[in-house]
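# Structural characterization, general
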Amino acid sequence: MQVLKRKVLALVGNHAVAYAVKQAKPKVLAVFPITPQTTMLEKLAEYISSGELKAELVRIESEHSALASIYGAALAGARVFTATSSQGLLYMTEMIYWAGGQRVPIVAAVATRAIAEPWSIWDDHQDFVSKRDAIWIQIMAENVQEAYDMTIQAFRISEDERVILPVMMGFDGFILTHTMERVEVLEDYEVDSFLPPRQFNLIDFSDPVGVGPIAQPDEYMKIKFEAMKAMERAKGVIEEIMREYEKISGRKQYGLVECYKCEDAKYAFVTMGAWSGDAKVAVDRLRDQGIEAGLLKIRVFRPFPKEKVEEYLRSMKGVIVFDRAVSFGSGGILANEVKSSLYGLEVPVYNVVAGLGGKDVRPLHFQKVMEDLVEGKLEEERWLL
Amino acid sequence: MSLITQVKRIPKFYRGNAACPGCPIPRELDILIEELGEKTVLVVPASCSTVILGDTSGMPATVPVVHSAFAASAAIASGIVRALRMRGDKDAIVTVWAGDGATGDIGFATLSGAAERNEDILYICYDNEAYMNTGIQRSGLTPKGAWTTTTPEGKREVKKPLPFIIAEHKVPYVATASIAYIYDYEAKMRKAKQIRGFRYIHLLSPCPPGWRFDSSLTIEIAKLAVETGVWPLFEIENGEFRLTSVSKTLLDKKNRKAVAEYLKLQGRFNKLTEEQIKEIEESIDEMWEQIKEMIKK
């Protein structure tokens, strides 16, 4: 298939996501400001005001209501979108679970940000990963290009009849939301062909149903089991949709995980989000030093791609999981996921907790801990304070 | 030809539901559906009605029902109506059916937000004056002096004047209603159906177990609430206040029955002293003085 010369724009992350949302043509959006997501919803308000996007904009009074309103709109058949961050995501949490439990197609962007107290407007993943049990598909972008691409993919995944689940697209606050990068964008007609009109509608006056009533215990457990199966099914569907997207975009880069020089590596980093780019730089430098390093980037956090993690990491001499979020009293959250995926295998897994509340992390930090690992000096859990 | 016109009511909730004996909610919902029609969506936050509307094995409503988290109903309704309008549906009535807790307490910001945005929804608060579904705990709309399980000595604070608070949002239509005055309630539903924008109806719903009265007395108590002046029936249409039904005759205090008549039938007020009853009477009189002022305007 011949790939067209792509239109290239210089966009900050928030505007790249807004551009993708505009092309996805949602019918109802809800806006409530929170740093660092705000400029995305301002841009969408501009698109609607200028007529570029024909949609209803609910200028809502809180994040809880933001998700509630698009939940209602989604039930009534509209393609919907909202975005939030940090405290806003926490405030939304009840409705996040509500939407996941009801399994409605919704796309929400989360500009990841640390959680108070103390106040921090800067990036970490504590907000995003705290929603891991809410029956949402969670994908995480490395850069602005991915944030754009994955936003479009998110609508398609969410609405796929084999899935029908809400999707959360995470991207690092400020690091991506406010950084301008080169973005190759699809043409509107390409997005139209990739995203067919939405089929989902639960408000039908000729066949009225009750949505979300009380479930007796037997029924409740069955419903949760079905959700688990849908999540498992979603893995294959996500891969299929991402492959299809690769054909359209002409860029080969998508899957549940991304392996960067990890096929022949003896030691690997595991990361999620924007600092995967820093880790790649570190991998190159370590290779120059003669250390056979690689990187496994987790692109899809829920459903967790444990089979891929096992496939790529099963023969490593050491794995270092970098975490920007902690389950206090347990450990790095991503590290725990990786450890459980490698259960029964003889792979040493180390956990580095870093970058909380926006604390700077550079390729040098990745290099240093890998050098320590190779020299046998890395402890099981290290905090880069 | 018979001289008597027989109006056939189609029983819907009467076929069976999980309401307590004497609960007015099923009747109130039947009237709602009769008046608003089958193109109605009910959005129902956590409340007695969550139970009354059935479980995953079936529901008594003949219209789409969307169950809602406690604080979310006015926002969910906002989203539903916008999506319906976007798909070209101009006449469906999206209706929130919420208790006093979801309306005046936990969902108050959501309600106020929807009112301020003048969302094209009808919001009905069926007010049983406490958290009844969880077992009679006080709410912001429990009246002063009332016993509840969390106010064993009687509530110390006054009831939030919700219809007036919503009216201050300058929405097109606010009304009060009572299950004892069905024609008044029906007329207000019909009016609300014709109006576009945010409409609010506050319906006093006596609760036999919560108010501690015999389940055969529901209508009598609902009627006394109006006749004593405790629950004035009125509507505020585009800012214009007017009394409706029997309440029109109650501006003159001598037409109002003694408040004690209303209170004495309810166990929740049986610890009130004479002095406390007098205080309650005075506060009702004061409310009617304010109503007089509102009519003058």
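Residues numbered from 1 in each chain as written. Chains lettered and ligands numbered in written order. Predicted model: local features only at pLDDT ≥ 70, side-chain atom pairs only at ≥ 80, totals over all residues. Heavy atoms only, no water.

Attention now goes to the overall build of chain A. Each helix and strand in chain A was counted, giving twelve helices and 18 strands. Over its C-alpha atoms chain A spans a radius of gyration of 20 Å, differing by no more than 12% from the 21 Å that the globule rule assigns to 385 residues. Here chain A, with 385 residues, has 60% of them falling under the buried criterion. Counting only contacts in chain A whose residues sit at least 6 apart along the sequence, the fraction spanning at least 24 positions is 82%. Total accessible area computed for chain A in this model is approximately 15100 Å², and 52% of it derives from carbon and sulfur atoms. The centroid of the 46 positive side-chain charges in chain A is displaced by 3 Å from the centroid of its 55 negative side-chain charges. (Helix = DSSP H or I, 4+ residues; strand = E, 2+ residues; numbered from the N terminus. Rg over C-alpha atoms; globule rule 2.2 N^0.38 Å. Buried < 20%, exposed > 50% of the residue type's maximum accessible area, 1.4 Å probe, protein only. Contact = heavy atoms within 4.5 Å. Areas by Shrake-Rupley, 256 points an atom, 1.4 Å probe, with all protein chains shown as cover. Lys, Arg positive; Asp, Glu negative; His and termini not counted. Charge placed at Lys NZ, Arg CZ, Asp CG, Glu CD.)

Averaged over every residue, the pLDDT of chain B is 95; residues scoring 70 or more account for 96%. Of the two predicted TM-score estimates for the complex, the pTM is 0.96 and the ipTM is 0.95. (pLDDT = per-residue confidence, 0-100.)

So, on to unusual backbone geometry. The step from Ala116(A) to Glu117(A) runs through a cis peptide bond, and the omega angle for that step is 5 degrees. Summarising the element assignment, Glu117(A) is placed in the loop between strand E5 (107-112) and helix H5 (126-129). For the bond from Arg302(A) to Pro303(A), the omega torsion is -5 degrees, close enough to zero to count as cis. Residue placement: Pro303(A) occurs in the loop between strand E13 (300-302) and helix H10 (306-313). Phi is positive for Asn118(B), which is not a glycine, with a value near 50 degrees. Topologically, Asn118(B) is positioned in the loop between helix H5 (108-116) and strand E4 (122-127). Look at Asn118(B) and you get partly exposed, because its relative accessible area is 37%.

So, on to helix H8 (residues 217-249) of chain A. Its 33 residues place the ends of H8(A) 46 Å apart at the C-alpha level, agreeing with the 48 Å of an ideal helix rising 1.5 Å per residue. Once H8(A) ends, the next one or two residues include Gly250(A), with phi positive near 75 degrees. (Expected span 1.5 Å × (residues − 1).)

If you look at the interface, chain B gives 37 residues, while chain A gives 39 residues. When chain B packs against chain A, close to 2700 Å² is buried across both sides, 69% of that on carbon and sulfur atoms. For the chain B face of the interface with chain A, the top three residues by lost area are Thr56(B), Arg82(B) and Met86(B), together amounting to 21%. Joining chain B to chain A, the criterion identifies two salt bridges. Glu61(A) is paired through a salt bridge with Arg117(B); the nearest N and O atoms lie 2.8 Å apart. Where chain B packs against chain A, one counts eleven residue pairs in polar contact (both at pLDDT 80 or more). Broken down by secondary-structure element, the contributors of at least two residues to the side of chain B that touches chain A are strand E1 (40-45), helix H2 (48-52), strand E2 (65-68), helix H3 (73-86) and H5 of chain B. In terms of residue count, H3(B) provides more of the side of chain B that touches chain A than any other element does, eight residues in total. For the side of chain B that touches chain A, the residue count by class is 19 nonpolar, ten polar and eight charged. Across two bridges, strand E9 (residues 210-211) of chain A lies against E2(B) in parallel orientation. (Buried area = accessible area lost by both parts, 1.4 Å probe. Salt bridge = Lys/Arg side-chain N within 4 Å of Asp/Glu carboxyl O. Polar contact = N/O pair within 3.5 Å; in protein donor to acceptor, adjacent residues only side chain to side chain. Nonpolar A, V, L, I, M, F, W, Y, C, P; charged D, E, K, R; others polar. Pairing = 2+ DSSP bridges.)

If you walk through the whole model with that rule in mind, you get 65 salt bridges over all chains. With a shortest N-O distance of 3.1 Å, Arg162(A) and Glu240(A) are connected by a salt bridge. You can see Arg162(A) sitting in the loop between helix H6 (144-159) and strand E7 (167-172) and its partner Glu240(A) sitting in helix H8, a full 78 residues away along the chain. Judged by relative accessible area, Arg162(A) falls into the partly exposed class, the value being 34%. When its relative accessible area of 33% is taken as the criterion, Glu240(A) is described as partly exposed. Between Lys278(B) and Glu282(B) there is a salt bridge, and its shortest N-O distance comes to 3.2 Å.

Residue and element names in this part refer to chain A. A cluster of nonpolar side chains, Phe328, Trp383 and Leu385, forms an exposed patch at the surface whose accessible area comes to about 410 Å². Of note, Phe328 is situated in the loop between strand E15 (326-327) and strand E16 (331-332). Under the relative-accessibility criterion, Phe328 is labelled exposed at 62%. (Patch = residues over 30% accessible without salt bridge, like charges linked within 9 Å, V, L, I, M, F, W, Y side chains within 5 Å.)

Here the structure, examined in full by the defined rule, presents 18 aromatic pairs over all chains. Ring geometry for Tyr245(A) against Tyr254(A): centres 6.3 Å apart, planes inclined by 80 degrees, an arrangement best described as edge-to-face. Each member of the pair, Tyr245(A) as well as Tyr254(A), carries the same accessibility label: buried. Ring centres 6.2 Å apart and planes at 85 degrees place the aromatic pair Phe301(A) and Phe304(A) in the edge-to-face group. The same class applies to Phe301(A) as to Phe304(A), namely buried. In textbook terms, an aromatic cluster arises when at least three aromatic residues are bridged by ring pairs, as seen for Phe269(A), Trp275(A), Phe322(A) and Phe366(A). Its guanidinium or amino end placed over the ring of Phe301(A), Arg302(A) lies 4.8 Å from that ring's centre, counting from NZ or CZ. A cation over an aromatic ring shows up here: Lys160(B) above the ring of Phe108(B), its NZ or CZ 5.0 Å from the ring centre. (Phe/Tyr/Trp six-rings, centres within 6.5 Å; stacked < 30°, edge-to-face > 60°. Lys NZ or Arg CZ within 6 Å of the ring centre and 35° of its normal.)

In this section: the state of the cysteines. What the rule picks out here adds up to one disulfide over all chains. Here Cys259(A) pairs with Cys262(A) through a disulfide, and the sulfurs are 2.0 Å apart. The sign of the S-S torsion, about -130 degrees, decides the handedness of the disulfide formed by Cys259(A) and Cys262(A): left-handed. Residue classification places Cys262(A) among the buried residues on the basis of a relative accessible area of 1%. Free cysteine Cys20(B): the closest other cysteine sulfur is in Cys23(B), separated by 6.3 Å. Here Cys125(B) stays free of any disulfide, with the sulfur of Cys48(B) as its closest cysteine sulfur at 12 Å. Residue Cys125(B) is classed as buried on the basis of its relative accessible area of 0%. (Disulfide = S-S within 2.5 Å.)

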